[in-house]
Amino acid sequence: MAAFVAELLFDFLRAVVGSWLRQAAFAIGAWVDTKIHNRRARLFIGLLLGAAAYFVIPVIFGLLGL
């Protein structure tokens, strides 16, 4: 029973933290979008952030054991 409750709690916390991270990413993206006015600079920054996420997200998931 304890394992079942722990699994439910873990799933709930993962959903809440995931939601917070998603909201933070959109807020940061909207803030950065207002600061960069050149289209090429936006594309370059977007590519850099995408490449960083491509390598960092699996590392974080690996450390969390997901």
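Just above sits the structure.
This text gives an overview of the structure that appears in the document. (Residues numbered from 1 in each chain as written. Predicted model: local features only at pLDDT ≥ 70, side-chain atom pairs only at ≥ 80, totals over all residues. Heavy atoms only, no water.)

## Considerations on the overall build of the chain
- Scanning the chain from terminus to terminus reveals two helices and zero strands.
- Taken over the C-alpha trace, the chain has a radius of gyration of 17 Å; the compact-globule value for 66 residues is 11 Å, which it surpasses by more than 25%.
- Considered along the principal axes of its C-alpha atoms, the chain spans approximately 55 × 20 × 10 Å.
- By residue count, 2% of the 66 residues in the chain fall in the buried class.
- A total of about 6000 Å² of accessible surface is found on the chain, and carbon and sulfur atoms cover 75% of it. (Helix = DSSP H or I, 4+ residues; strand = E, 2+ residues; numbered from the N terminus. Rg over C-alpha atoms; globule rule 2.2 N^0.38 Å. Buried < 20%, exposed > 50% of the residue type's maximum accessible area, 1.4 Å probe, protein only. Areas by Shrake-Rupley, 256 points an atom, 1.4 Å probe, with all protein chains shown as cover.)

## A word on the pattern of salt bridges
- Tallying each qualifying case throughout the model produces two salt bridges.
- A salt bridge links Asp11 to Arg14, with the nearest nitrogen and oxygen atoms 3.0 Å apart. Residue Asp11 and its partner Arg14 are located together in helix α1 (residues 2-35), separated by three residues, close to a single helical turn.
- Here Asp11 falls in the partly exposed class, since its relative accessible area comes to 31%.
- Using a relative accessible area of 43% as the deciding quantity, one classes Arg14 as partly exposed.
- Two residues, Asp33 and Arg42, come together in a salt bridge whose shortest N-O distance is 3.2 Å.
- By relative accessible area, Asp33 is classed as partly exposed at 39%.
- On the basis of relative accessibility, which here comes to 37%, the residue Arg42 falls in the partly exposed class. (Salt bridge = Lys/Arg side-chain N within 4 Å of Asp/Glu carboxyl O.)

## Notes on the packing of aromatic side chains
- Following the criterion strictly, the structure yields one aromatic pair and no others.
- Both rings, one in Tyr54 and one in Phe55, keep their centres 5.2 Å apart while their planes meet at 85°; by these two values the pair is edge-to-face.
- Residue Phe55 is classed as exposed on the basis of its relative accessible area, which comes to 57%. (Phe/Tyr/Trp six-rings, centres within 6.5 Å; stacked < 30°, edge-to-face > 60°.)

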